[in-house]
Amino acid sequence: MEMTSLKAFVARHDNFEIRVISHAGSRFYQVELEDVEGERHMLTQRGKPMMFRALDDIYLELKRADIHRAYLVQHVAHDEMIGRDAHYNAPLSSRVPLVF
């Protein structure tokens, strides 16, 4: 989803969730929107996924789209090694709320 599409979507809808995705061992973040139907849309720029190096950059972009809440989600590749089930495709349970 392009940034202009995100702004238009936010203006028309109020039931969606924004996730800031981080992967263990990576310095980059991606932003994902999940709508009420369960469809997931990555934030893109000119058709390519947007990658952010700092949460401050994400805050600025989301504020421009009139979004003030999101969830920080970190994927850990080896949950199963410590006895936890991997939940990569299930609804994410380990989320940290972000308010900006």
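Residues numbered from 1 in each chain as written. Predicted model: local features only at pLDDT ≥ 70, side-chain atom pairs only at ≥ 80, totals over all residues. Heavy atoms only, no water.

K.L.:
Can you explain the pattern of salt bridges? Please cite residues and give values.
P.N.:
All chains considered together, the criterion is met by five salt bridges. Its salt-bridge partner being Glu34, residue Arg19 comes within 2.5 Å of it at the nearest N-O pair. One end of the pair, Arg19, is in strand 1 (residues 17-23); the other, Glu34, is in strand 2 (residues 29-34), with 15 residues separating them in the sequence. Here Arg19 and Glu34 have matching classes, each one buried. Linking Glu61 and Arg64 is a salt bridge whose minimum nitrogen-to-oxygen distance equals 2.9 Å. Of the two residues, Glu61 and Arg64 both sit in helix 2 (residues 55-64), three residues apart, roughly one turn of that helix. With relative accessibility at 18%, the residue Glu61 sits in the buried group. Judged by its relative accessible area of 52%, Arg64 falls in the exposed class. (Salt bridge = Lys/Arg side-chain N within 4 Å of Asp/Glu carboxyl O. Helix = DSSP H or I, 4+ residues; strand = E, 2+ residues; numbered from the N terminus. Buried < 20%, exposed > 50% of the residue type's maximum accessible area, 1.4 Å probe, protein only.)

K.L.:
Summarise helix 2; cite the residues concerned and give the values.
P.N.:
Considered for burial, the residues of helix 2 that qualify are Ile58, Glu61 and Leu62. The buried residues of helix 2 occupy an angular sector of 95 degrees when the element is viewed end-on, so they sit on one face. Structural note: helix 2 exposes Asp56 and Arg64 on the side pointing more than 90 degrees away from its buried face. Looking at the buried residues of helix 2, the elements they touch are helix 1 (3-12), strand 1, strand 2 and strand 6 (69-75). The positive-phi residue at the C-terminal boundary of helix 2 is Asp66, with phi of around 60 degrees. (Arc of directions from axis to C-beta. Contact = heavy atoms within 4.5 Å.)

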